[in-house]
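Reading the structure
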Amino acid sequence: MTNKGEVEQKVAEFLLQIKAIKLQPGNPFTWASGWKSPIYCDNRLTLSHPSIRTYIRQKLTELVQEEFGSVSAQELGLPFIYVRAKAKEHGTGSLIEGEFSAGQRVVVVEDLISTGKSSLQAVEALRDAGCEVAGLVGIFNYGFDAASENFKSAKCPFFTLSNY
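Fair warning: this is a prediction, and the values are worked out from it, not measured in the lab. (Residues numbered from 1 in each chain as written. Predicted model: local features only at pLDDT ≥ 70, side-chain atom pairs only at ≥ 80, totals over all residues. Heavy atoms only, no water.)

**Section: the overall build of the protein chain**
To be explicit about the condition: Labels follow the DSSP assignment, with helices taken as runs of H or I lasting at least four residues and strands as runs of E lasting at least two, numbered in each case from the N terminus. Restricting the calculation to C-alpha atoms gives the radius of gyration, and the globule rule supplies 2.2 Å times the number of residues raised to the power 0.38.
Along the backbone of the protein chain there are 5 helices and 9 strands. Along the chain direction, N to C, the helices and strands of the protein chain fall in the order α-β-β-β-β-α-α-β-β-β-α-β-α-β. Taking 15 Å as the expected radius of gyration for a compact globule of 164 residues, we find that the protein chain reaches 16 Å, a close match to that expectation. In terms of overall dimensions, the protein chain has C-alpha extents of about 45 × 35 × 30 Å along its principal axes.

**As for the packing of aromatic side chains**
Where we set the bar: Pairing of aromatic rings covers Phe, Tyr and the six-membered ring of Trp, with a centre-to-centre limit of 6.5 Å; geometry is then stacked below 30 degrees between planes, edge-to-face above 60, and tilted otherwise. For each residue, the accessible area found with a 1.4 Å probe, counting protein chains only, is set against the maximum for its type, and the residue is called buried under 20%, exposed over 50%, and partly exposed in between.
Summed over the entire model, instances satisfying the criterion amount to 10 aromatic pairs. Here Trp-35 and Phe-144 contribute two aromatic rings whose centre-to-centre distance is 4.9 Å and whose plane-to-plane angle is 65 degrees, an arrangement assigned as edge-to-face. Here Phe-144 lies in the loop between strand S8 (132-141) and helix H5 (145-153) and Trp-35 lies in the loop between strand S2 (29-30) and strand S3 (36-37), a separation of 109 residues in the sequence. By relative accessible area, which is 36% here, Trp-35 ends up partly exposed. Between the aromatic rings of Phe-140 and Tyr-142, the centroid separation amounts to 5.1 Å while the plane-to-plane angle is 85 degrees, which identifies the pairing as edge-to-face. Residue classification places Phe-140 among the buried positions, given a relative accessible area of 3%. According to the relative accessible area criterion, Tyr-142 is buried, its value standing at 6%. An aromatic cluster is defined as three or more aromatic residues linked by ring pairs; in this entry it consists of Trp-31, Trp-35, Phe-140, Tyr-142 and Phe-144.

**A short note on the sheet that holds strand S7 (residues 105-113)**
The test is simple: Pairing between strands requires that DSSP locate at least two bridges from one strand to the other. Axes here refer to lines fitted to C-alpha atoms; in helices the fit is confined to the stretch in contact. Angles between the N-to-C directions go from 0 to 180 degrees. We call two residues in contact whenever any of their non-hydrogen atoms come within 4.5 Å of each other.
The 3 strands are arranged S7-S8-S9 in an open sheet whose pairing can be described as parallel. At either margin of the open sheet sits one strand with a lone partner, and together these are S7 and strand S9 (158-163). This sheet shows a mean twist of 15 degrees between the axes of neighbouring strands, independent of strand direction. Relative to S8, S7 runs parallel, the two sharing 8 bridges. Pairing of Glu-110 across the sheet is with Gly-138, part of S8. Across the sheet, helix H4 (residues 117-128) is in contact with S7 and S8; its angle to S7 comes to roughly 165 degrees. On the sheet, H5 packs against S7, S8 and S9 and is oriented at approximately 160 degrees with respect to S9.

**Thoughts on the confidence of the model for the protein chain**
Under the convention used in this document: pLDDT runs from 0 to 100 and stands for how confident the predictor is about each residue.
When pLDDT is averaged along the protein chain, the result is 90, and 94% of the positions lie at 70 or above. Per-element mean pLDDT across the protein chain ranges from 65 in helix H3 (residues 73-76) up to 96 in H5.

Printed below as a string of structure tokens:
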């Protein structure tokens, strides 16, 4: 991957440019973890910006290749599966969408990590389904010690393109 510091800075610049990073000191955001924070990073906004979306996809692919010896599904036309936050309450009631098989090696791709709780729920669901989770990559990490501790406890290495 290009110089890690250059990638971190470029991703941060992109996130600021498209106003994905929001500050509300007087009215803190509530994260999925339940934590209150004056800062929020909405990486979904990158989906509306093709050049930024492409850059992030390419850099995530390089990060996955460097850290796990694997490749990104989109870049190389490999299968992709989706892990829901909770099982559907209708239809098949699936927690994991898409085709996979026990023993399959996977890398989880996440938009951001605060405490790591929701990311590790996806890792646990995949492991429970028999997948071998090599690790996780993400776009943005708030850098909390809790996340590092949670991923270490779960024996799941994680890497991000940028951080707080």
